[in-house]
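What follows is the residue order along each chain.
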Amino acid sequence: MRKHIVAGNWKMNKNFEEADELVSNIMDKLEETDLKDTLLIVCPPFPYLELCTDYSNDSYFMVGAQNVSDKESGAYTGEVSASMLKSIELDYCIVGHSERRAYYGETDALVAAKVNQLLANEIKPIVCCGEVLEEREANKQFDVVKKQITDGLFHLTAEQFSEVVIAYEPVWAIGTGKTATPDQAQEMHAFIRSLIAEKYGKEVAEETSILYGGSCKPGNAKELFANPDVDGGLIGGASLKADDFVAIATSF
Ligand code: PEP
């Protein structure tokens, strides 16, 4: 069966001391919590990746980056390559977050190139997709998500695709306090799974974890995760509080 996953995207928050406090609080909470089979992933900013891997030691949670270069290595000032992430034993990396698409011009072609770099280095990509408000109001959300998934991911072989985690994040729900209804989330997740089944077959589709993201909190996670095609969450704001993050992870 596919994995239940709760991943925390810290975005560009916390100084070193605050990051240390947050991850140590997450550890304390986890000591007294039964996560059952839910996989927890923490995605801090680059400077705190090793702090998190040192704390977790691969046993409490996995650690992921929030971004990666589309290039292999060389004169690309400021970039971080997939092989660097691999060299500190990271397991996951977020790609194509709507903030990167909106503020840094990340296209589906760039998402595809980053996914290729990650897979070549045995890091699992968490690939984000989702429509903006005007697209939903114009009932174009399915076309938008289909294009993002097709152009960003469907060049992969079935074997490569089986390493991918998808996060459906309606942009109008990110950081706004407006959550998609459980029905809206289920409808889109089922649609994404049907696209995967069409391209790679039912077996691969059934094994793919599809996370929901967008103002997911302890108060609404249960309802969202109760849907058959919602396999967990990508959590922004609520991942900055250890209590809330771990509470969400126990909402299955
Ligand atoms: C996100 O940015 O991935 C996200 C889901 O943010 P938030 O939970 O704050 O809406």
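Read on for an overview of the structure. (Residues numbered from 1 in each chain as written. Predicted model: local features only at pLDDT ≥ 70, side-chain atom pairs only at ≥ 80, totals over all residues. Heavy atoms only, no water.)

**Examining the sheet that holds strand S3 (residues 62–65)**
Within a beta sheet, neighbouring strands are joined by backbone hydrogen bonds and run either parallel or antiparallel to one another. Here is the rule we go by: If DSSP finds at least two bridges between two strands, the strands pair. Here a helix means four or more residues in a row that DSSP labels H or I, a strand means two or more in a row labelled E, and each is numbered from the N terminus. For every element, the axis is a line fit to its C-alpha atoms; helices are fit only across the contacting stretch, and the angle between N-to-C directions ranges from 0 to 180 degrees. Pairs of residues are marked as contacts when any of their non-hydrogen atoms sit within 4.5 Å.
In space, the eight strands of this closed barrel follow the order S1-S2-S3-S4-S5-S6-S7-S8, with parallel pairing throughout. Here the average twist between neighbouring strands, direction ignored, is 25°. Two strands pair when backbone bridges link them, and strand S6 (residues 165–168) and strand S7 (residues 210–213) are joined in this way by three bridges, in the parallel orientation. When the bridges of S7 are listed, Ala-167 appears paired with Leu-211. Helix H2 (residues 49–56) rests against strand S2 (39–43) and S3 of the sheet, and its axis sits at about 170° to S3. Docked against the sheet, helix H12 (residues 242–249) engages strand S1 (5–9), S2 and strand S8 (232–235), running at close to 155° with respect to S1.

**With respect to unusual backbone geometry**
Not every positive phi belongs to a glycine, and Lys-36 is a case in point at roughly 50°. Mapped onto the elements of the fold, Lys-36 is located in the loop between helix H1 (16–31) and S2.

**Here's the deal with the environment of Glu-31**
Convention followed: Relative accessibility thresholds used throughout: buried, under 20% of the residue-type maximum; exposed, over 50%; partly exposed, between the two (1.4 Å probe, protein chains only).
Tracing the backbone shows Glu-31 in helix H1. The class for Glu-31 is exposed, based on a relative accessible area of 55%. Through-space distance from the C-alpha of Glu-31 to that of Tyr-60 is 8.6 Å; in sequence the pair is 29 residues apart.

**Some details on the state of the cysteines**
To keep it simple, the criterion reads: Cysteine sulfur atoms are paired as a disulfide whenever they fall within 2.5 Å.
Applying the stated rule across the entire model yields zero disulfides. Take Cys-43: it sits in no disulfide, and the sulfur closest to it among the cysteines is that of Cys-93, at 7.8 Å. Residue class for Cys-43 comes out buried when judged on its relative accessible area of 0%. Here Cys-128 stays free of any disulfide, with the sulfur of Cys-129 as its closest cysteine sulfur at 7.6 Å. Judged by its relative accessible area of 1%, Cys-128 falls in the buried class.

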